[in-house]
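Next come the chains, spelled out residue by residue.
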Amino acid sequence: MNWSEFEDQLARRRDAGHPAQFWWRDDDAGAVSSEVKNLIHLSKNCAIPLALAVVPASAEPELFTLLHERVAVLQHGTDHRNRAAPGEKKTEYPAREPLEAALARISDGFGRLRTLAGRRFLPVLPPPWNRVRKELLQGLPAIGIRGVSGYGARASAEPAPGLRQVNTHVDIVAWRQGRGFIGEADALAKAIEYLKGEEPVGWLTHHAMHDPAAWNFLERLFALTQVRWLSAPEAFSYTAPAHG
């Protein structure tokens, strides 16, 4: 898959009246860095909505002064600490942890992030490592969380009553091959594959890991005219309460 083929497929969808819909989530925000500043500038300069997944425990108040009107803040767990037992995949929410303890931690992070982000806060949980126990989902709406976001094709648009799931599908970091950019061909091919599904195609980035090739790819991706980029509230069909 190359850019020409990719753009041709997007153009055919657009001309048929079914333009591709993309959305963008970036993970692991918290501290103010040159990388996160570059990320926010890229979003503003290209006029692309950004769903910024922030770790509440490491969130610096200065971060929120940098945000522009196209940035929505999502809750990236609470402390991004790996609590997995031996043999268990990385997760902030291990199977052995009591549900009440996990929900209390999520609630604490929810309160802190909502205070810091204000009106830019979107009550959506993209869990660290894109893993959350199914048992936890039932308790999230009581905290105030209205959405969850993982990685790959979702099993359900509503994994629990009052909870909407919208996933990401194309992670541009090659985590198992040096942690650089995965390459244009792989990224574009994955996007085309997920266009066959019912969700908007979610692009997942990690600003702290980006090499020049990753940044260059994003600039070219954001310059496309054959696609519609959804904001996070649009992707999750979320409307803020009148009093919020």
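For the structure itself, consult the block above.
Note that this is a predicted model, so its numbers are computed, not measured. (Residues numbered from 1 in each chain as written. Predicted model: local features only at pLDDT ≥ 70, side-chain atom pairs only at ≥ 80, totals over all residues. Heavy atoms only, no water.)

Undergrad: How do you make sense of the nonpolar core when you look at a structure like this?
TA: It is characteristic of soluble globular proteins that their nonpolar side chains tend to be buried jointly. Of all hydrophobic cores here, the largest spans 59 residues; its most connected members are F6, F22, W203, F217 and L221. Top element by residues in this core is helix α8 (residues 212–222). It accounts for six residues. If you look at the next biggest cluster of nonpolar residues, it comprises 11 residues, including L122, L230, A235 and F236. (Core = buried A, V, L, I, M, F, W, Y, C linked by side-chain atoms within 4.5 Å. Buried < 20%, exposed > 50% of the residue type's maximum accessible area, 1.4 Å probe, protein only. Helix = DSSP H or I, 4+ residues; strand = E, 2+ residues; numbered from the N terminus.)

Undergrad: Teacher, can you tell me more about helix α2 (residues 34–46) here?
TA: Along an α-helix, residues three or four positions apart point the same way, because every turn accommodates 3.6 residues. The end-to-end C-alpha separation of α2 is 18 Å, in line with the 18 Å expected for 13 residues at 1.5 Å each. Of the positions making up α2, those classed as buried are V36, L39, I40, L42 and S43. The buried residues of α2 occupy an angular sector of 155 degrees when the element is viewed end-on, so they sit on one face. For α2, exposure combined with an orientation more than 90 degrees from the buried face picks out S34, H41, K44 and N45. (Expected span 1.5 Å × (residues − 1). Arc of directions from axis to C-beta.)

Undergrad: What is the right way to read the pattern of salt bridges from this model?
TA: One pass over the structure, following the stated rule, counts 10 salt bridges. Between E92 and R105 there is a salt bridge, and its shortest N-O distance comes to 3.2 Å. Of the two residues, E92 sits in the loop between β3 (71–75) and α4 (99–117) while R105 sits in helix α4, which places them 13 residues apart along the sequence. Across the pair, exposure class does not vary: E92 and R105 are buried alike. E234 is paired through a salt bridge with R228; the nearest N and O atoms lie 2.8 Å apart. Take E234: its relative accessible area is 40%, and that puts it in the partly exposed class. Residue R228 is classed as partly exposed on the basis of its relative accessible area of 39%. (Salt bridge = Lys/Arg side-chain N within 4 Å of Asp/Glu carboxyl O.)

Undergrad: So what exactly am I meant to see when it comes to the environment of F181 here?
TA: Along the polypeptide, F181 turns up in the loop between β7 (170–171) and α7 (184–194). In this structure, the C-alpha to C-alpha distance between F181 and E7, residues 174 residues apart in sequence, is 20 Å. Those residues in contact with F181, other than ones at most four positions away along the chain, are I172, D211, A213, A214 and F217. (Contact = heavy atoms within 4.5 Å.)

Undergrad: Sorry if this is basic, but what is going on with the pairing of strand β8 (residues 201–205) here?
TA: Regular strands place side chains that alternate from one sheet face to the opposite one. The buried fraction of β8 is high, at five of five residues. Pairing analysis gives five bridges linking strand β1 (residues 20–29) to β8, with the strands arranged parallel. For W24, the partnering residue across the bridge sits in β8 and is W203. Note: β7 against β8, two bridges, orientation parallel. Its bridge partner being in β8, V170 is matched across the sheet by W203. Regarding the hand of the β-α-β motif, the stretch spanning β7, α7 and β8 is right-handed. (Pairing = 2+ DSSP bridges. Right-handed = clockwise from strand over helix to strand, strands pointing away.)

Undergrad: Would you explain the packing of aromatic side chains in this entry?
TA: How two aromatic rings sit relative to each other is set out by the distance from centre to centre and by the angle between their planes. Scanning the model with the defined rule gives 11 aromatic pairs in all. Taken together, a centroid distance of 5.3 Å and an interplanar angle of 75 degrees make the contact between F22 and W229 edge-to-face. Of this pair, F22 sits in strand β1 while W229 sits in strand β9 (residues 227–229), placing them 207 residues apart in sequence. Looking at F22, the relative accessible area reads 0%, which means it is buried. Judged by centre distance (5.2 Å) and plane angle (80 degrees), the ring pair of F110 and F121 falls under edge-to-face. Taken together, the positions of F110 in helix α4 and F121 in the loop between α4 and β4 (124–125) put the pair 11 residues apart, joining distant regions of the chain. (Phe/Tyr/Trp six-rings, centres within 6.5 Å; stacked < 30°, edge-to-face > 60°.)

Undergrad: Explain the environment of F236 here, please?
TA: Position of F236 relative to the elements: it lies in the segment after α9 (232–235). With relative accessibility at 5%, the residue F236 sits in the buried group. Here the alpha-carbon distance between F236 and V124, two residues 112 residues apart in the chain, equals 8.5 Å. Beyond its immediate sequence surroundings of up to four residues, F236 is in contact with W23, L122, V124, G147, V148, S149, R164, Q165 and V166.

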